[in-house]
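# Understanding the architecture of this molecule
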Amino acid sequence: MKKTWIFLLVALLILGGGLVSSHATLAAEDEFKTLGDVFPYVPDGAPLFENVCICVFEKEGTFYRVEADVPAEIIEKNDALYDSESYDSQVKELLKDLPVKQTIDLSAFLLKEGELEALVGKTGQELTDMGFVPADEYEFSDTVTEIHLYRNAFEYVVSFAETVSPQRAPNLEEVMAPLTVKHAAFTGNLSYYAWEPAFDPEGGPEYWYEAPPSFPIPEIPVDESPFRTLADVYAALADRYSISGPTDGLIVFAFETADGRLYRVEAQVSAEIQEQLDAIDFFDEERDQKQQELLGPLPVSRVGDISACMPAQAELDALVGKTGQELMDMGFEQGMGYSFWDKAEFYLEKDLFEYHVYFNEKVPEMEDYDAVLNEILASLTVDKAEISGLSNVCSDPNLIW
């Protein structure tokens, strides 16, 4: 029978082990002595995190996390192998004799069936308070509300009693807060936290949520717009345009027409059309033409008038005299490039537009401009600013408008 041991922090310090919670369950000392004992269970390589090798794997139904310190000379040899076609096997050979510093029996933290059943009836907010955080997978339909959640080293799928309207980029933590758990199960998958260098058996992954961009672009009814199908869009594209997708069945065009009008146009792409698009060879010389032939007949679903959002000339004039730091404080970000040939020029993005900003100062020559671009920009003063095109957010499939 496999034995497990609970080590108090003071015992860990005496034995020279790393800092681990006093509640961490460690596998018996002789379970894995070197990384060579571990590698048969880790087919995908040996992940290095700076000077530590962390292997997470399953053996005979038990999940383990094994750590080993990697000396600097081994790190150097590893770096020299990056371009090798047999990188994984060579790295394992390089690391196999390193002694295991710590082994954690992760299965000790996996929720058992009774614990999962005890979640039924709890709210999503209660799950959050218990340390569950959303993973990047969910399903909302008329009959199913499921959200995949991480807790400590594992992933679970939770079904809720209430229905939720389909959303392109939901804040899952907020969505699930009022919902009621109907069923919960282990997916069989580990969370990314299992490989976290600062893993804490009592801790867990954090949930980071970035709200999708949102701008009030006026919508034009399709039957009142110049675009009924994507063939109309292709025919209207001028020099400046961007296309995103298809992503989750949606393709987005943001573009300028020959008469200077700016639009965002969306269309739904069926799974059948997506499959045909995927079948086109990336290196096919007629790739663009074949894509247009497939997409052209698709009906347009939404049209946005970005021209209506153009800043007035007075807003552009108001930028004159401001410093680059003031522009950054206003939300301007680095765009497609810069020029220091004469006086400094930057392409900057803010909201829906890209700006060509001319500055009064000349930038001295230096070996690496990119390393200090923000510092350079901060010290400059605006001479004039022009709209040069649309920002990348205009074709973002998740844009709310």
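Scroll up to find the structure this text is about.
A brief structural summary. The residue count restarts for each chain, going from 1 along the sequence in the order it is written. Per-residue local features are limited, in this predicted model, to residues with pLDDT of at least 70; the limit for side-chain atom pairs, both in listing and counting, is 80 or more; totals at the level of whole chains, interfaces and linings are taken over all residues. The basis for every side-chain value is the complete set of heavy atoms in the structure, and neither hydrogens nor water enter the calculation.

Numbering of helices and strands runs from the N terminus; a helix is a DSSP stretch of H or I covering at least four residues, while a strand is a stretch of E covering at least two. Regarding its fold elements, the protein chain presents 13 helices and 18 strands. Both definitions apply: the radius of gyration is a C-alpha atom measure, and the globule rule equals 2.2 Å times residues to the power 0.38. Its C-alpha radius of gyration of 28 Å places the protein chain more than 25% over the 21 Å reference for a compact globule of 401 residues. Across its three principal axes, the protein chain shows a C-alpha extent of roughly 80 × 60 × 45 Å. For each residue, the accessible area found with a 1.4 Å probe, counting protein chains only, is set against the maximum for its type, and the residue is called buried under 20%, exposed over 50%, and partly exposed in between. Looking at the 401 residues of the protein chain, the share that counts as buried comes to 41%. Two residues form a contact once any of their heavy atoms are found within 4.5 Å. Partitioning the intrachain contacts of the protein chain with sequence separation of at least 6 by distance along the chain shows that 61% fall at a separation of at least 24. When the accessible surface of the protein chain is split by element, carbon and sulfur atoms take 50% of a total near 22,000 Å². All tallies of charge rest on Lys and Arg as positive and Asp and Glu as negative; His and the ends of each chain are not included. Where a charge lies is defined by one atom per residue type: Lys uses NZ, Arg uses CZ, Asp uses CG and Glu uses CD. With 26 positive and 76 negative side-chain charges, the protein chain shows a separation of 3 Å between the mean positions of the two kinds. Using a 1.4 Å probe, accessible areas were evaluated by the Shrake-Rupley method; residue-level cover was limited to the displayed protein chains.

Note on ring pairs: Phe, Tyr and Trp rings are taken, using the six-membered ring of Trp, and paired if centres are within 6.5 Å. Classes follow the plane angle, with under 30 degrees stacked, over 60 edge-to-face and the rest tilted. Applying the stated criterion to the full structure yields 26 aromatic pairs. Ring centres of Tyr234 and Phe253 lie 5.4 Å apart, and the angle between their planes is 85°; this geometry places the pair in the edge-to-face category. Taken together, the positions of Tyr234 in helix α8 (residues 230-236) and Phe253 in strand β12 (residues 250-256) put the pair 19 residues apart, joining distant regions of the chain. Phe253 shares its class with Tyr234; the two are buried. For the pair Tyr338 and Phe346, a centre-to-centre distance of 5.9 Å together with 35° between the ring planes defines the contact as tilted. Given a relative accessible area of 0%, Phe346 falls into the buried group. Charges are assigned to positions over rings by a cutoff of 6 Å between ring centre and Lys NZ or Arg CZ, combined with an angular limit of 35 degrees from the ring normal. Here the guanidinium or amino end of Lys350 rests over the ring plane of Phe332, the centre of that ring lying 5.9 Å away. Sitting above the plane of the Tyr358 ring, Lys384 keeps its charged end 4.7 Å from the centroid.

Here the focus is the nonpolar core. Put simply, a nonpolar core is a bunch of buried Ala, Val, Leu, Ile, Met, Phe, Trp, Tyr and Cys residues held in one set by side-chain atoms that sit within 4.5 Å of each other. In terms of nonpolar packing, the biggest core is built from 31 residues, with Leu106, Leu127 and Phe160 touching the most fellow members. Counting residues per element, the ones that place at least two in this core are β4 (52-59), β8 (145-151), β9 (154-160), α7 (172-176) and β10 (181-190). Ranked by the residues each element gives to this core, the list is headed by β9, at 4 residues. If we ignore the near neighbours within four places in the chain, the residues touching Leu106 are Val56, Phe63, Tyr64, Arg65, Ala153, Phe154, Leu190, Ala194 and Phe199. Core analysis: the second largest hydrophobic core is formed by 30 residues, Leu348, Phe359, Val363 and Ile376 among them.

Next up on the list: the sheet that holds strand β7 (residues 133-140). What holds strands together in a sheet is hydrogen bonding between their backbones, with the strands either parallel or antiparallel. With antiparallel pairing, the 4 strands of this open sheet are ordered in space as β7-β8-β9-β10. Each edge of the open sheet carries a strand with a single partner, namely β7 and β10. The average undirected angle you get between the axes of adjacent strands in this sheet is 20°. When DSSP finds two or more bridges between a pair of strands, those strands are recorded as paired. Where helices are involved, their axes are fitted lines through C-alpha atoms of the stretch in contact, as for all axes, and angles between N-to-C directions lie from 0 to 180°.

By the element assignment, Ser388 lies in strand β18 (residues 382-390). Setting aside anything within four residues of it in sequence, one finds Ser388 in contact with Arg240, Tyr347, Glu354, Tyr355 and His356.

You can see Thr257 is positioned in the loop between β12 and β13 (262-268). Dropping the residues within four chain positions of it, Thr257 is found in contact with Phe227, Ala236, Ala238 and Tyr263.

Right, let's get into the packing of helix α3 (residues 72-79) against helix α4 (residues 87-95). In the contact formed by α3 and α4, the axes pass within 10 Å of each other and the chain directions differ by 165°. What the angle tells us is that α3 and α4 run roughly antiparallel. Crossing of α3 over α4 shows right-handed handedness. Contact with α3, carried on its side by Ile74, Lys77 and Asn78, involves Tyr87, Val91, Leu94 and Leu95 of α4 and no other residues of that element. Roughly parallel covers angles under 35 degrees, roughly antiparallel covers those over 145, roughly perpendicular covers 65 to 115, and oblique covers all other angles. Here a crossing is taken to be left-handed if its near helix is turned anticlockwise relative to the far helix by less than a right angle, and right-handed if that turn runs clockwise.

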